[in-house]
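Here's the letter readout for the chains.
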Amino acid sequence: MQQTVTEPGGEDLSLAERAYRAIRDRLVMLEIRPGSPINEEQLAQSLGVGRTPVREALKRLQYERLITTYPRRGTFATEVNITDLAHISEVRQELEPLAAAQAARRATVADRANLTALRRELESAHSGRQAAAELMHLDLQVHRAVYAAAHNPYLEDTLVRHDNLATRIWCLFIDRLSDMAGHVEQHGPLIEAIVAGEPDKAAQLARGHVEGFERAIRGAI
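Residues numbered from 1 in each chain as written. Predicted model: local features only at pLDDT ≥ 70, side-chain atom pairs only at ≥ 80, totals over all residues. Heavy atoms only, no water.

(A) Examining the confidence of the model for the protein more closely. Averaged over every residue, the pLDDT of the protein is 87; the share at 70 or more is 88%. Least confident of the elements in the protein is strand β1 (residues 4–6), whose mean pLDDT is 35; most confident is helix α4 (residues 84–106), at 96. Note on residues 1–10: pLDDT under 50 across the span, and 17 contacts to partners over four residues away in sequence or across chains. (pLDDT = per-residue confidence, 0-100. Helix = DSSP H or I, 4+ residues; strand = E, 2+ residues; numbered from the N terminus. Contact = heavy atoms within 4.5 Å.)

Structure, rendered in structure tokens:
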């Protein structure tokens, strides 16, 4: 039987899933820098797991375009290519509004409570008390909570992967973006629309957020 661990929220995860989530977020947040070699043994030691869970995680991350394997050279964190921004935004501009609208229609009591708690964290972010890395983690949490609340696993999977790629681009230009807190705070009205069950408003706000993200990145280049 595969060993599992329990996350703080009470969710039981296999070691492979835990390794996947941890390595994924290191790649997304550029804690593992683009182009850096991926060392299975070092990752296994740092995560406190064996190499098999890490190897399973890396297979998934290669599919998600976060790592790249070259014959006879090894495995590396994927480079961040700004030319990918238009392609990523094209997908997100269509699917983010859909997910937000479906979340407004389908969110459970637990979903709404989770989103409301994140809304309170956003208020703290707007006050300027959080560092850039914390803001980025909060942004990821909000996006993932909205996708989960849509209760469509295929839509959620697609959007998580594209939001991860978009976040890598954001992290690359983080020092040039003047109003990160303001960008993250834009999620506040979106969360309110979802919790209030207003799908049209939620979709409109989600689309505006994605378009604003692309403009901000292009302005920073």
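Moving on, there is more to tell.
(B) Structural detail: the packing of α4 against helix α6 (residues 132–149). Relative to each other, α4 and α6 sit at 65 degrees, their axes nearing to 7 Å. For the element pair α4 and α6, the recorded crossing hand is left-handed. Judged by residue contacts, Arg92, Glu96, Ala99, Ala100, Gln102, Ala103 and Arg106 of α4 engage His143, Val146, Tyr147 and Ala149 from α6. Across the contact of α4 with α6, the residue classes break down as six nonpolar, two polar and three charged. (Axes fitted to C-alpha atoms, helices over the stretch in contact; angles between N-to-C directions. Left-handed = near helix turned anticlockwise from the far one by under 90°. Nonpolar A, V, L, I, M, F, W, Y, C, P; charged D, E, K, R; others polar.)

(C) Seen up close, the nonpolar core. Residues Ile23, Leu27, Ile38, Leu58, Leu61 and Ile194 are the most contacted members of the largest nonpolar core, which totals 56 residues. No other element matches α6, which puts eight residues into this core. If we ignore the near neighbours within four places in the chain, the residues touching Ile194 are Ala100, Ala103, Ala104, Ala107, Arg112, Leu115, Val146 and Ala202. If you look at the next biggest cluster of nonpolar residues, it comprises six residues, including Tyr147, Ala150, Leu159 and Val160. (Core = buried A, V, L, I, M, F, W, Y, C linked by side-chain atoms within 4.5 Å. Buried < 20%, exposed > 50% of the residue type's maximum accessible area, 1.4 Å probe, protein only.)

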